[in-house]
Amino acid sequence: MRIHHLNCGSMREIPPLYEESSGAGAVDRARPLVCHCLLVETDADGLVLVETGLGTADLPDPERSLGADWVAYARPALDPEETALRQVVRLGYAAADVRHIVLTHLHRDHTGGLPDFPHARVHVHPGEYRAVSDPEAAHHRHSLDRFMPTHRAHGPLLTPAPVTERAEWFGFPGVARPEGLSCELLLVPLPGHSAGHAGVAVRDGDGRWLLHAGDAYMYHGELDADPPFAHPVLEPVQHGAQTDAAARVATRDRLRHLKRAHADEVTVFSAHDPWEFARLAAR
């Protein structure tokens, strides 16, 4: 099994908040936010795409497909070469080779690429599936504003992953295992950001776990610094999107503990931090 780290959508630049090491001890520059996706090559399950970032259908009219306010704040680069579809093709595959898509949640910057892979089965945690399929069941209706109907107009094969009773992953309860996948890949509830927000844990070829934590946090200072701190450009996004502030903070603190206690077993990263992406993509 081989795992590729892909940036499927650069957005506005953010400055570092302290001396980010570039490897030579120099102070790092501002970097554009990313849409951090994973492309997993498997022997039995074809290609598995974790997150989709922004897609080709977002490019002609981004204000319609992504929302004018979001575009004004996020300032997406809208580079067709950054779409997951173009990157899959550059690796020598076709769109149809992506048989499964696994999403942390259904907000616009995570679902833009869905129309580019219309035959893929799309796996989400049951809580997120309920929020988008039965709006009355969502505790926080405002989160639906970030579920863009244009990204689902093609009728994706949206599938809630079944939760195994009492299933845990490093002490995180309510773990779901997507059906039809033989590789070690799990949806791990990381509540607070959206109704059914979950991280995607996948075991790599070396036996370590990668945990794509989605938007459970957005800047590495939230996990690495003592005390934790958010980036001022991203903090308003967190507060505007969260469905449960207390749950989000509790999730962040659990991730801090996971990173400290199990650094030799798990690599944790978020969806938009460009410094985390640069380190992992360079490996």
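Residues numbered from 1 in each chain as written. Predicted model: local features only at pLDDT ≥ 70, side-chain atom pairs only at ≥ 80, totals over all residues. Heavy atoms only, no water.

Enquirer: Any chance you could explain the sheet that holds strand 14 (residues 266-269) here in plain terms?
Expert: Across a sheet, paired strands are connected by hydrogen bonds in the backbone, their directions being either parallel or antiparallel. In space, the 4 strands of this open sheet follow the order 11-12-13-14, with mixed pairing throughout. Each edge of the open sheet is held by one strand with a lone partner, namely strand 11 (185-189) and strand 14. When strand polarity is set aside, the average angle formed by the axes of neighbouring strands in this sheet is 20 degrees. Note: strand 11 against strand 12 (residues 198-203), 5 bridges, orientation antiparallel. Each bridged residue has a counterpart across the sheet, and for Leu 186 the counterpart in strand 12 is Ala 201. (Pairing = 2+ DSSP bridges. Helix = DSSP H or I, 4+ residues; strand = E, 2+ residues; numbered from the N terminus. Axes fitted to C-alpha atoms, helices over the stretch in contact; angles between N-to-C directions.)

Enquirer: Just to check I follow, could you spell out the layout of surface pockets for this structure?
Expert: Rolled over the atoms, a probe with the dimensions of a water molecule shows which regions are left empty. Volume-wise, the second largest pocket comes out at about 350 Å³. Lining the second largest pocket are 15 residues, and of these Ile 3, His 5, Asp 204, Leu 210 and Arg 283 lie nearest its centre. Among the secondary structure elements, those contributing two or more residues to the lining of the second largest pocket are strand 1 (2-7), strand 13 (209-212) and helix 9 (274-281). In terms of residue count, the dominant contributor to the lining of the second largest pocket is strand 1 (4 residues). The residue makeup of the lining of the second largest pocket, split by class, is 6 nonpolar, 4 polar and 5 charged. (1 Å grid on protein atoms, 1.4 Å probe; cavity = no way out; pocket = protein on both sides within 12 Å on 5 of 7 lines; lining within 4 Å. Points joined across faces, edges and corners; volume = space filled by probe spheres on them. Nonpolar A, V, L, I, M, F, W, Y, C, P; charged D, E, K, R; others polar.)

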